[in-house]
Amino acid sequence: MSEQFGIRSSDLTERFPERVIPDSRTGYSGFVVKPGNLIEIAQVLRDELGYDYLSSVTGVDYLPENKMEVVYHFYRTTGGGALVIKTQVDRENPLVPSLTPLFPGAEFQEREAWDLLGIRFENHPDLRRILTWEGFYGHPLRKDWKEPFFEEEAKPYKSRWPEGHVYRIEDKNPFHDNVQYPPGFDPEQWSPETDELLYAGLKRVDKSDDFLTEQVVVNLGPQHPSTHGVFRMVVVLDGETVVDLKPIMGYLHRNHEKIGERNTFLQNMPFTDRLDYVCSMSNNFGYALAVEKLMGIQPPERAEYIRVMMAELTRFLNHIFSIGFLLNDLGAFFTPMLYALEERELILDVFEAVSGSRMMCNYFRFGGVARDIPDEVMEKIRKLVLDRLPRKLDEMDYFITNNEIVRGRCEGVGVLTAERAIALSASGPVLRASGVPYDVRRADPYSIYDRFEFDIPVRYNGDIYDRYLLRLDEMRQSLRILQQVLKDIPEGPIMSGKPQYQVRVPAGESYGRVEGPKGELGFYVVSNGKPNPWRYHVRAPTFINLTSLAEMCRGQKIADVVTILGSIDIVLGEVDR
């Protein structure tokens, strides 16, 4: 292959002979480098070839070959496809240099690979578990790891299908609890070995100045009305000023990816709904693209238009929902939220009509969508898009945008510069409100987005207020796209081929990504030709966007921390998976 992902093979292979090798495995692409050369090559990619954005870091366990692989997806913020770099290490001693000195946005993703796969990243600033806790036994995404209630490697389980002889496996299991601790570990006797900020309660910490104030450590959450879910922020305060902050997640973690690797490919479609349960249609979209690339199939025209329609309705309902919650976080308790929820409910009426469900839609299929849109529902969509939603958006703009309390609390607060947003791998409204006009729909178009006229909104102050304004701008652009969809949608089939309960997915790898409402949502899928994916990894946008939370909060007041978190627009189902 003379050119891969917007770069000629010779650009790297000639520059680094014998150190950069095109991946020659059938169904694979990108380049394989040795761990010792990773830092040098990553620096050349960033500083000389313009690949300044590290989007995704994925660990893969190739148990039969006794090796671990780390897959990096690099992009240019000026646009274009991915440059994929891979490094492989021995499974018994998986040591890879950390890219956080060059790309700080890799911090949480490398911690995730350590936590779930046991891949160690040398010189990582804070390499500890992130989705499980210190008393967790083993690294659960390893192919030879089995939980106490282990039943079978892949679904459908024989106890359930086809015979249907269901039993409770815990009744046959000696542990009697779905929990297993490392050898010699007693949770009743455990205490942290180091006096870390993570475990500190309300206590004094060392001060760096002579002012007569006390520095204290305060925990916000994990059960807190303004943490948008089961989420904890450990904050060091000097008076009311934030000195430092660490986000702590994982309280909702149930190893979505392990379950996904035991599901069949099609069983994972409704499972993606549970990630961002506000935006299930967008989740379906990203996963469908990844598997369709492996299968080499293309949805029919009408299905493509329906997919874009559902994705843009989802973007609108997410943003109006997010703005309602932002006002909630500012102290306008629930009245603005109720007005936002009313519009969201009308869009959910459409989702229910086409998919049978309001939130967990399970609507997309490989090669199309599950059902067509009835004429009466299309007419309802038309009235929403052409009449009601534009009016309600103008109304929200009128009441909120120039409100003196909103501006006073949001302008200049939680600032993230363009350079830091790129370095920290931020995406979606967080990235574009910092002055970076990067949107996957334009930078690396998928589906039929290249057919529509729409602008990529961008704001330049990088504060809470601009993140709010940007979501208003994006809702207007979504309505613009929807109007074109309604005008141009053709008649015809909604599925290529016949609906299948089991699909044949050729061996290989693929990465499908979409511009979800909260940022870049990506699915990295590896198939070995069997009914279940060998590797199923989610590039969760709000998980990665949280990497920049501490930087936004330092120097701000404690009352602003809740609002800054709200302006990122997280959902814990996606953060924790």
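Keep in mind that what you see is a predicted model, and the values were worked out from it rather than measured. (Residues numbered from 1 in each chain as written. Predicted model: local features only at pLDDT ≥ 70, side-chain atom pairs only at ≥ 80, totals over all residues. Heavy atoms only, no water.)

Caption draft 1: Representation of the nonpolar core in the model. Ranked by size, the top nonpolar core spans 164 residues in total, and within it F74, M309 and M310 carry the most contacts. Ranked by residues supplied to this core, first place goes to helix 7 (residues 301-330) with 15 residues. The contacts of M310, once residues within four sequence positions are left out, are M281, V350, F351, V354, Y363, F364 and I373. (Core = buried A, V, L, I, M, F, W, Y, C linked by side-chain atoms within 4.5 Å. Buried < 20%, exposed > 50% of the residue type's maximum accessible area, 1.4 Å probe, protein only. Helix = DSSP H or I, 4+ residues; strand = E, 2+ residues; numbered from the N terminus. Contact = heavy atoms within 4.5 Å.)

Caption draft 2: Highlighting the environment of I568. Residue placement: I568 occurs in helix 17 (residues 558-568). The exposure class of I568 is buried, given its relative accessible area of 0%. For I568 and Y446, which are 122 residues apart along the polypeptide, the C-alpha to C-alpha distance reads 25 Å. Among all residues touching I568, those that are not within four sequence positions of it are V430, R471, N545, L549 and M552.

Caption draft 3: Quick look at helix 9 (residues 375-400). Under the 1.5 Å per step criterion, the end-to-end length of helix 9 is 36 Å for 26 residues, consistent within 8% with the ideal 38 Å. When the local axis directions of helix 9 are compared, the greatest deviation, roughly 45°, occurs at L384. For helix 9, the set of buried residues is V377, M378, I381, L384, V385, L389, P390, L393, M396 and I400. Those residues of helix 9 that are buried are in contact with helix 7, helix 8 (335-355), helix 10 (404-410) and helix 14 (464-488). (Expected span 1.5 Å × (residues − 1). Bend = angle between axes of the 7 residues up to and from the residue.)

Caption draft 4: Main features of the environment of M68. Checked against the element boundaries, M68 lands in strand 6 (residues 67-75). In this structure, the C-alpha to C-alpha distance between M68 and R129, residues 61 residues apart in sequence, is 18 Å. Setting aside residues no more than four positions away along its own chain, M68 makes contact with V60, D61, T87, Q88, V89, R91, P94, L117, I119 and R142.

Caption draft 5: Structural detail: the pattern of salt bridges. Enumeration over the complete set of coordinates arrives at 49 salt bridges. The closest approach of N and O atoms between K392 and E395, which form a salt bridge, is 4.0 Å. A residue pair is termed a helical-turn pair when its members lie 3 or 4 positions apart in one helix, as K392 and E395 do in helix 9 at three residues. Look at E395 and you get partly exposed, because its relative accessible area is 32%. For R432, the salt bridge goes to E515, with nearest N and O atoms at 3.1 Å. Of this pair, R432 sits in helix 12 (residues 429-432) while E515 sits in strand 15 (residues 508-516); the two residues are 83 residues apart in sequence, bridging distant segments of the chain. For the pair shown, R432 and E515 are each scored as buried. Shared partners join several salt bridges into a network, and the residues in it are E312, R315, R432, D439, R441, E474 and E515. (Salt bridge = Lys/Arg side-chain N within 4 Å of Asp/Glu carboxyl O.)

Caption draft 6: Just the sheet that holds strand 5 (residues 53-62), in detail. Overall, mixed pairing links the five strands, which are arranged 3-4-7-6-5 in an open sheet. Each having just a single partner strand, strand 3 (20-22) and strand 5 make up the two edges of the open sheet. Put simply, the sheet's adjacent strands are angled 25° from each other on average, direction ignored. For strand 6 and strand 7 (residues 83-90), the ladder comprises eight bridges, and the chain directions are antiparallel. Looking across to strand 7, one finds that V71 is bridged to K86. Along the sheet, helix 2 (residues 38-47) makes contact with strand 3, strand 4 (31-33), strand 6 and strand 7, crossing strand 7 at roughly 175°. Sitting on the sheet, helix 3 (residues 107-117) is in contact with strand 5 and strand 6, with an inclination near 10° to strand 5. (Pairing = 2+ DSSP bridges. Axes fitted to C-alpha atoms, helices over the stretch in contact; angles between N-to-C directions.)

Caption draft 7: Here's a closer look at helix 7. Spanning 30 residues, helix 7 covers 44 Å between terminal C-alpha atoms, matching the ideal 44 Å at 1.5 Å per step. Positive phi shows up at G331, right after helix 7, with a value of about 115°.

Caption draft 8: Representation of a nonpolar patch on the surface within the structure. Together, W133, V179, Y181 and W190 line one region of the surface with nonpolar side chains, adding up to about 330 Å² of accessible area. Among the structural elements, V179 can be located in the loop between strand 9 (120-122) and strand 10 (215-220). Relative accessible area serves as the criterion here: at 35%, V179 is assigned to the partly exposed category. (Patch = residues over 30% accessible without salt bridge, like charges linked within 9 Å, V, L, I, M, F, W, Y side chains within 5 Å. Areas by Shrake-Rupley, 256 points an atom, 1.4 Å probe, with all protein chains shown as cover.)

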